[in-house]
Amino acid sequence: MNKVKIIIAGPRGRMGSEAVKLVTSTEHFDLIAVIDYKFGGRMLNEIEGFQRIHNVPVYSEIETCLQTEKADVLIDLTTPEVGMYHARTALQYNVRPVVGTTGFSKMDLEELEVICREKELGCIIAPNFALGAVLMMKFSQMAGKYFSDVEIIELHHDQKLDAPSGTAVKTAEMISASRTPKKQGHPNEKETINGARGAQYDGMHIHSVRLPGLVAHQQVLFGSDGQTLSIRHDSYNRASFMSGVKIAVDNVMKLDTFVYGLENILE
């Protein structure tokens, strides 16, 4: 089997460092370079925490990296703004992006879809790479057909930049596709403190919690006469996302289209 040549953007981040471990420990993956604005021009083994990984150059800018290295896949686990720039640039160089950053706008996703169609290249944007989280979203979509009253509570670490999370938004989108539209709560309900009922999506309420000690958690609560249904997923460390990253890398090599959401490539 030919090895998949991979570049990782953001190797020093908590997700990025796990991705480095994944790629370097997977037999058919080959880490050929990383992108890190602070350590460009050095080798990865010169950065603390990566001393055992040799012959991997560090680039400070993606275009220089892609002009120098012949890659198959870019794994980006940075921020929405950087992730969008990296994904767009990678596609221009015929490199398939796998992006785990949330916070992309609808316009961003549409732009990437157009580029993928024109280039006939695969690209995967996944709000959540944890397989359990993907199943939680799919189960919630199934339940939405039978329960029209639903609220989403997502809980993350206090350094997360976007709220609500991409996973919560994606969950609401999926539920909306199967749920009978309904504006929830009492018609005359009034917030005595602004924001008490959270954000709204198609009549559903989404609540965001940010606390140190959390990683990534989400609970979807359904209610009807005399019963409730709770669907919950918890990620306790970043390693929980890596099985999904591996699946995404393997699948993006077979794709010539844009995919948003890991659930769309799971059988």
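As a starting point, this report considers the structure included with it. (Residues numbered from 1 in each chain as written. Predicted model: local features only at pLDDT ≥ 70, side-chain atom pairs only at ≥ 80, totals over all residues. Heavy atoms only, no water.)

Structural notes on the state of the cysteines
Formally, a disulfide is one covalent bond, and it connects the sulfur atom of one cysteine to the sulfur atom of another. Scanning all chains against the criterion turns up zero disulfides. Looking at C65, it has no disulfide partner, and the nearest cysteine sulfur is the one in C123, 17 Å off. A residue is classified by how much of its surface remains accessible, and C65, at 0% relative accessible area, is buried. Of all cysteine sulfurs, the one in C123 lies closest to C116, which takes part in no disulfide; the gap is 4.5 Å. Owing to a relative accessible area of 0%, C116 belongs among the buried residues under this scheme. (Disulfide = S-S within 2.5 Å. Buried < 20%, exposed > 50% of the residue type's maximum accessible area, 1.4 Å probe, protein only.)

Side note on the sheet that holds strand β8 (residues 199-201)
The five strands lie next to each other as β8-β9-β7-β10-β11, forming an open sheet whose pairing is mixed. What marks the edges here is a single partner per strand, and that holds for β8 and β11 (227-235). With direction set aside, neighbouring strand axes in the sheet form an average angle of 20°. Note: strand β7 (residues 149-156) against strand β9 (residues 204-210), six bridges, orientation parallel. Looking across to β9, one finds that E151 is bridged to H205. Together, β10 (216-224) and β11 form the strand contacts of helix α5 (residues 131-144), whose direction differs from that of β11 by roughly 165°. (Pairing = 2+ DSSP bridges. Helix = DSSP H or I, 4+ residues; strand = E, 2+ residues; numbered from the N terminus. Axes fitted to C-alpha atoms, helices over the stretch in contact; angles between N-to-C directions. Contact = heavy atoms within 4.5 Å.)

A look at the packing of helix α3 (residues 80-92) against helix α4 (residues 106-119)
For the pair α3 and α4, interaxial distance at closest approach is 10 Å and the crossing angle is 10°. Put simply, α3 runs roughly parallel to α4. Between α3, through M84, A87, R88, L91 and Q92, and α4, the contact on the second element is made entirely by D108, E111, L112, I115, C116 and K119. Taken together, the residues that form the contact of α3 with α4 break down as six nonpolar, one polar and four charged. (Parallel < 35°, antiparallel > 145°, perpendicular 65-115°, else oblique. Nonpolar A, V, L, I, M, F, W, Y, C, P; charged D, E, K, R; others polar.)

Regarding the packing of α5 against helix α6 (residues 166-178)
In contact at an axis separation of 7 Å, α5 and α6 are set at 30° when each is read in the N-to-C sense. In terms of orientation, α5 and α6 fall into the roughly parallel class. In terms of crossing hand, the pair formed by α5 and α6 is right-handed. Facing M136, M137, K138, S140, Q141 and G144 of α5, the residues of α6 in contact are T167, K170, T171, M174, I175, A177 and S178. Of the residues contributing to the contact of α5 with α6, the split by class is five nonpolar, six polar and two charged. (Left-handed = near helix turned anticlockwise from the far one by under 90°.)

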